[in-house]
Amino acid sequence: NMPMRIFSSLFRRQPPDPSADQQSDVDEQSNEIVQQERKREEGEVKQLQAVQERREDIQELRAALSQMSQRLFHALSELKEVREEMQHAKCHIRDLSLQAQRLEKNPK
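Heads up: these notes are all about the structure in this document. Keep in mind the model is a prediction, meaning the values are calculated, not measured. (Residues numbered from 1 in each chain as written. Predicted model: local features only at pLDDT ≥ 70, side-chain atom pairs only at ≥ 80, totals over all residues. Heavy atoms only, no water.)

Within the protein chain, the regular secondary structure consists of two helices and zero strands. Buried residues in the protein chain amount to 0% of all 108 residues. (Helix = DSSP H or I, 4+ residues; strand = E, 2+ residues; numbered from the N terminus. Buried < 20%, exposed > 50% of the residue type's maximum accessible area, 1.4 Å probe, protein only.)

As structure tokens, then:
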């Protein structure tokens, strides 16, 4: 009789297991947490990519600025040379003008 009781107790209708519902809730919460974590990580990856792009942009701008700076320095050097040449030309013109005045006053 004892084995029959054990056998029938196995097939008796059992009430739903509350721990199964709790496990389902825990699984759902875990899935939500995992999804939130993935979204956060995706956001961080996008931010890192944007930062990297900005760094590359900055490097390109620095290179362009350096090149422009070199061109400007070269142009200023040329301008300085032209200014010196103009100064020499002015002196030469003044000397010639003085000679012309002397010749007009005292022709030889």
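Now that the structure has been shown, we can carry on.
Right, let's get into a negative patch on the surface. On the surface, D25, D27, E28 and E32 cluster together into a negatively charged patch. By the element assignment, E28 lies in helix α2 (residues 18-105). (Patch = residues over 30% accessible without salt bridge, like charges linked within 9 Å, V, L, I, M, F, W, Y side chains within 5 Å. Areas by Shrake-Rupley, 256 points an atom, 1.4 Å probe, with all protein chains shown as cover. Salt bridge = Lys/Arg side-chain N within 4 Å of Asp/Glu carboxyl O. Lys, Arg positive; Asp, Glu negative; His and termini not counted. Charge placed at Lys NZ, Arg CZ, Asp CG, Glu CD.)

What follows is about a nonpolar patch on the surface. Among the surface-exposed residues, L72, L76 and L79 lie close enough to one another that they form a single nonpolar patch of about 310 Å² accessible area. Mapped onto the secondary structure, L76 falls in helix α2.

This next bit is on the pattern of salt bridges. A full pass over the atoms with the stated rule returns four salt bridges. Linking E37 and R40 is a salt bridge whose minimum nitrogen-to-oxygen distance equals 2.3 Å. Separated by three residues within a single helix, E37 and R40 lie in helix α2, roughly one turn from each other. According to the relative accessible area criterion, E37 is partly exposed, its value standing at 33%. With a relative accessible area of 39%, R40 lands in the partly exposed category. Here R54 and E53 are joined by a salt bridge, their closest N and O atoms 3.9 Å apart. Judged by relative accessible area, R54 falls into the partly exposed class, the value being 45%. Looking at E53, the relative accessible area reads 42%, which means it is partly exposed.

The quantities given are spatial measurements derived from coordinates; they are silent on function.
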